[in-house]
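What follows is the residue order along each chain.
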Amino acid sequence: MNTVSVEKNAIEEVAKLVSDSRVVAFPTETVFGLGVKFGSHQALDALYELKHRDKGKAISMMISKAEDIEKYAYVDETAKKLIAAFMPGMITIILKKRPHIDDYFTASLDTIGIRIPDDPFVLSLLDKTGPMLVTSANLSGENSLVDDKAVMKVFHGKIPLIVKGESISKEASTIVDLSKGKVEILRLGDISKEQIAEVIE
């Protein structure tokens, strides 16, 4: 497979590959992402295989609009506060998923991680493709990659396309689990514990 690098203005080409259940790489405002169409078994399998990732580890969903979160998950008052304060932005929230979401796409968990990126290109891509499953562009256990040249070194010949660019932050998103009726911070990124506490209180 030949891996091509494209500018962000080639968004139609990127969206077509996603719609065809292919894996694509693109910069976000956190770290570089590898993404596939949500709802395609073939695409998700390819993503796990590409990253050498354990299939028991779920991959978060990216969507473009906060009002769409309730299509996929149950949103309580705490979640509404975090969504209003930090989305779009560098946060992933884990919520109880709705029953119609196939377990295959949540690693058989009854929860789903959701992020709305604060990046014009990625938001435009999501508007064209619908929801995507997106994970950091790296091999499992390795450091996250933050620019297209580093991604090309690792994934050349393994994916069809990489969008040129560099991530704004060098930190992956803060992950907050709200699925158990309390606030549990699973990973800290640029959004701090103090910022989260301030919004919730």
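Reading the values: the criteria
Residues numbered from 1 in each chain as written. Predicted model: local features only at pLDDT ≥ 70, side-chain atom pairs only at ≥ 80, totals over all residues. Heavy atoms only, no water. UniProt positions renumbered as here; feature names shortened; annotations may be inferred. Salt bridge = Lys/Arg side-chain N within 4 Å of Asp/Glu carboxyl O. Buried < 20%, exposed > 50% of the residue type's maximum accessible area, 1.4 Å probe, protein only. Helix = DSSP H or I, 4+ residues; strand = E, 2+ residues; numbered from the N terminus. Phe/Tyr/Trp six-rings, centres within 6.5 Å; stacked < 30°, edge-to-face > 60°.

- As recorded by an unreviewed UniProt entry, the protein carries the name L-threonylcarbamoyladenylate synthase and is attributed to Thomasclavelia ramosa DSM 1402.
- UniProt, in the comment section headed Catalytic activity (unreviewed entry), describes the protein in these words: "L-threonine + hydrogencarbonate + ATP = L-threonylcarbamoyladenylate + diphosphate + H2O".
- Its UniProt record, at the heading Sequence similarities (unreviewed entry), says of the protein: "Belongs to the SUA5 family."

1. Here's the deal with the pattern of salt bridges
Working step 1: Taken as a whole and assessed by the stated rule, the structure comprises 13 salt bridges.
Working step 2: When the shortest N-O distance is used, the salt bridge between aspartate 20 and lysine 16 registers 2.7 Å.
Working step 3: Take aspartate 20: its relative accessible area is 40%, and that puts it in the partly exposed class.
Working step 4: Judged by relative accessible area, which is 52%, lysine 16 ranks as exposed.
Working step 5: Aspartate 103 is the partner of lysine 97 in a salt bridge, and the nearest nitrogen-oxygen pair spans 2.4 Å.
Working step 6: Residue class for lysine 97 comes out buried when judged on its relative accessible area of 10%.
Working step 7: Bridged by salt links that share partners, the residues Asp177, Lys180 and Glu184 form one connected network.

2. Here's the deal with the UniProt feature "domain: YrdC-like" (unreviewed entry) in the protein
Working step 1: Per the UniProt record, "domain: YrdC-like" (unreviewed entry) is annotated on residues 8-191.
Working step 2: Secondary structure content for residues 8-191 is 28% helix and 20% strand, while the C-alpha to C-alpha distance between its ends is 27 Å.

3. Considerations on the packing of aromatic side chains
Working step 1: Inspection of the entire model under this criterion finds three aromatic pairs.
Working step 2: Geometrically, the ring pair formed by phenylalanine 38 and phenylalanine 105 is tilted, given 5.3 Å between the ring centres and 55° between the ring planes. Highlighted residues: phenylalanine 38 in the loop between β3 (33-37) and α2 (41-51) and phenylalanine 105 in the loop between β5 (91-96) and β6 (111-115), separated in sequence by 67 residues. An identical accessibility class is assigned to phenylalanine 38 and phenylalanine 105; each is buried.
Working step 3: Ring centres 5.8 Å apart and planes at 75° place the aromatic pair tyrosine 104 and phenylalanine 105 in the edge-to-face group.
Working step 4: Exposure remark for phenylalanine 105: the relative accessible area of 7% places this residue in the buried category.
Working step 5: One aromatic cluster in this structure is built from Phe38, Tyr72, Tyr104 and Phe105.

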